[in-house]
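# Observations on chain architecture
One letter stands for each residue in the lines below.
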Amino acid sequence: MKTMNKNLAKPRPSKLAPQPLAEMPKTFCKKLRGIFTDIDDTLTHHGKVPEDSYKALWMAREAGLRLIPVTGRPAGWVDHLARMWPVDAVIGENGAFYFHLDKKQGRDGKLLQRFVQDSNTRKANQEKLWQVFHALKREIPEIQVASDQGYRAIDLAVDFCEDVPRLSEEKIDRIVSTFQAAGAQAQISSIHVNAWFGSHDKYSCCKLLLKELYGENFDSVKENYLYFGDSPNDEPLFQKFPHTVGVANVQEFLPRMKYHPRYITKKAGGHGFAEAIKFILKNR
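Every chain is numbered on its own, with residues counted from 1 as its sequence reads. pLDDT decides what is reported in this predicted model: residues at 70 or higher carry local features, side-chain atom pairs at 80 or more are listed and counted, and totals for whole chains, interfaces and linings draw on all residues regardless. Hydrogens are left out, water is left out, and the side-chain values use all remaining heavy atoms of the structure.

Okay, the overall build of the protein chain next. Secondary structure follows DSSP: runs of H or I at least 4 residues long count as helices, runs of E at least 2 residues long count as strands, and numbering of each begins at the N terminus. The helix and strand tally for the protein chain stands at 10 helices and 13 strands. Taken over C-alpha atoms, the radius of gyration is set against a globule rule of 2.2 Å times the number of residues to the power 0.38. Its C-alpha radius of gyration of 18 Å places the protein chain within 12% of the 19 Å reference for a compact globule of 284 residues. Over its C-alpha atoms, taken along the principal directions, the protein chain stretches across nearly 60 × 45 × 35 Å. The buried label applies to any residue whose accessible area, calculated with a 1.4 Å probe on protein chains only, is under 20% of its type's maximum; exposed applies above 50%, and partly exposed to all values in between. Per-residue burial for the protein chain yields a buried fraction of 55% across its 284 residues. Note on contacts: a residue pair is in contact if any heavy atoms of the two residues lie within 4.5 Å. The contacts in the protein chain between residues at least 6 apart in sequence include a share of 60% that link residues at least 24 apart. In short, Shrake-Rupley with a 1.4 Å probe defines the accessible areas, and a residue's cover is counted only from the protein chains shown. For the protein chain, the exposed surface amounts to about 13000 Å²; the carbon and sulfur share of it is 51%. Averaging the locations of the 42 positively and 34 negatively charged side chains of the protein chain gives two centres separated by 8 Å. The charge count includes Lys and Arg as positive and Asp and Glu as negative, but it does not include His or the ends of the chains. Where a charge lies is defined by one atom per residue type: Lys uses NZ, Arg uses CZ, Asp uses CG and Glu uses CD.

Structural data, given as structure tokens:
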């Protein structure tokens, strides 16, 4: 038993092919404390949250697991999700903030917002992002910001397939490289290129949340948490979390990624998430 735990704690090598979900040890299922999960194409399927995926959230919550969605979606969406979904907190805009209800006030506690940048920094950085986007627009006239851009507080999202005809891989790569050349971070999700100024990412905000909400050090407790994802912007979590699950549609992006999930589901999107939750709860 000790040997198994020691091996699980080792960093996961890059480019290692994901294992079938059935290979996840029962010992890990029993000690699992909480779940961090992407939303788009991880909890959703074809743009909707399937019944089995939403039910799986409630099943996990009722089993006593902490639930923290981690998304590239905007502050306006995260406000709603943190209030209405059966979750403990929500990380948004790829690690720019987390929102949660104040549990000191009970189930109807007030929404608390924790940004990693102050308001003046956020405003200045967004202005710089728009300058880069307008320059890109002159080069690639058909590009558009995501339809949810108006609800964003820190980043800028360029839509490459959600509400527009899918852009070519070359144009997607050009968008990424242009923002990076300007000093911004740029990550590809399953639908957007998200760009922002700052050192934060999904991983750094997961660490911050664990420290501030639960008084936990990530390196000390990471063996008790699981991360679900489906695309390149989940790579920081696939690299840092020792236990990760990719829903089946992650296979499309594996050639782009240096770090792969440890396990993979048979089903895609939210159906894959539900598949994994049922497996975990069966083995707790």
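Before going further, it helps to spend a moment on the side chain of H243. Inspection of the secondary structure puts H243 in the loop between α9 (235-240) and β12 (244-246). Judged by its relative accessible area of 0%, H243 falls in the buried class. Under the rule applied, a polar contact is a pair of N or O atoms within 3.5 Å (in protein, one hydrogen donor and one hydrogen acceptor; residues adjacent in sequence only if both atoms are side-chain atoms). Side chain to side chain, H243 and E223 meet in a polar contact 2.5 Å long.

Each aromatic pair joins two rings of Phe, Tyr and Trp (for Trp, the six-membered one) with centres within 6.5 Å, and gets the label stacked for planes under 30 degrees apart, edge-to-face for over 60, and tilted for any other angle. A full pass over the atoms with the stated rule returns 12 aromatic pairs. Ring centres 5.3 Å apart and planes at 80° place the aromatic pair Y203 and F218 in the edge-to-face group. Of this pair, Y203 sits in helix α7 (residues 202-214) while F218 is found in helix α8 (residues 218-221), placing the two residues 15 residues apart along the sequence. In this pair, the class of Y203 matches that of F218, namely buried. Considering the side-chain rings of Y227 and F238, the 6.0 Å spacing of their centres and the 70° angle between planes classify their relative orientation as edge-to-face. Taken as a pair, Y227 in strand β11 (residues 225-229) and F238 in helix α9 lie far apart in primary sequence, 11 residues in all. For the pair formed by Y227 and F238, the shared burial category is buried. Put simply, the rings of F36, Y203, F218, Y225, Y227, F238 and F241 pair up and form one aromatic cluster.

Only strands that DSSP links by at least two bridges are regarded as paired with each other. Across the sheet, which stays open at both edges, the 3 strands sit in the order β4-β5-β6 with antiparallel pairing between neighbours. The two strands at the open ends of the sheet, each matched to only one other strand, are β4 (90-92) and β6 (111-115). Going from strand to strand, the sheet's axes swing by 20° on average, the running direction of each strand aside. Here β4 runs beside strand β5 (residues 97-101); their pairing, made up of 3 bridges, is antiparallel. Looking at the pairing, V90 lines up with F99 of β5. Axis definition: a line fitted to C-alpha atoms, limited for helices to the stretch in contact. Angles are taken between N-to-C directions and run from 0 to 180 degrees. Here α7 sits on the sheet and contacts β4, β5 and β6; the angle it forms with β5, its principal contact strand, is near 35°.

Right, let's get into the pairing of β5. Burial runs high along β5: 5 of the 5 residues are buried. Burial along β5 is two-sided: F97, F99 and L101 and Y98 and H100, pointing in opposite directions, are all buried. Examined bridge by bridge, β5 and β6 share 5 bridges and lie antiparallel to one another. Within β6, the residue paired with H100 across the bridge is L112.

The next point concerns helix α6 (residues 169-181). Compared with an ideal rise of 1.5 Å per residue, which puts 13 residues at 18 Å, α6 spans 18 Å between its outermost C-alpha atoms and is within 8% of the ideal. Of the residues making up α6, those classed as buried are I172, I175, V176, T178 and F179. The buried residues of α6 occupy an angular sector of 165° when projected down its axis, which confines them to one face. Projecting away from the buried face of α6 at angles above 90 degrees are the exposed residues E170 and A181. If you follow the buried residues of α6, they end up packed against α5 (119-139), β8 (156-159), β9 (185-188) and β10 (192-196). Looking at the residues trailing α6, positive phi occurs at G183, about 95°. Here a helix's expected span is defined as the number of its residues, less one, multiplied by 1.5 Å. The directions considered for the arc are those from the helix axis to the C-beta atoms.

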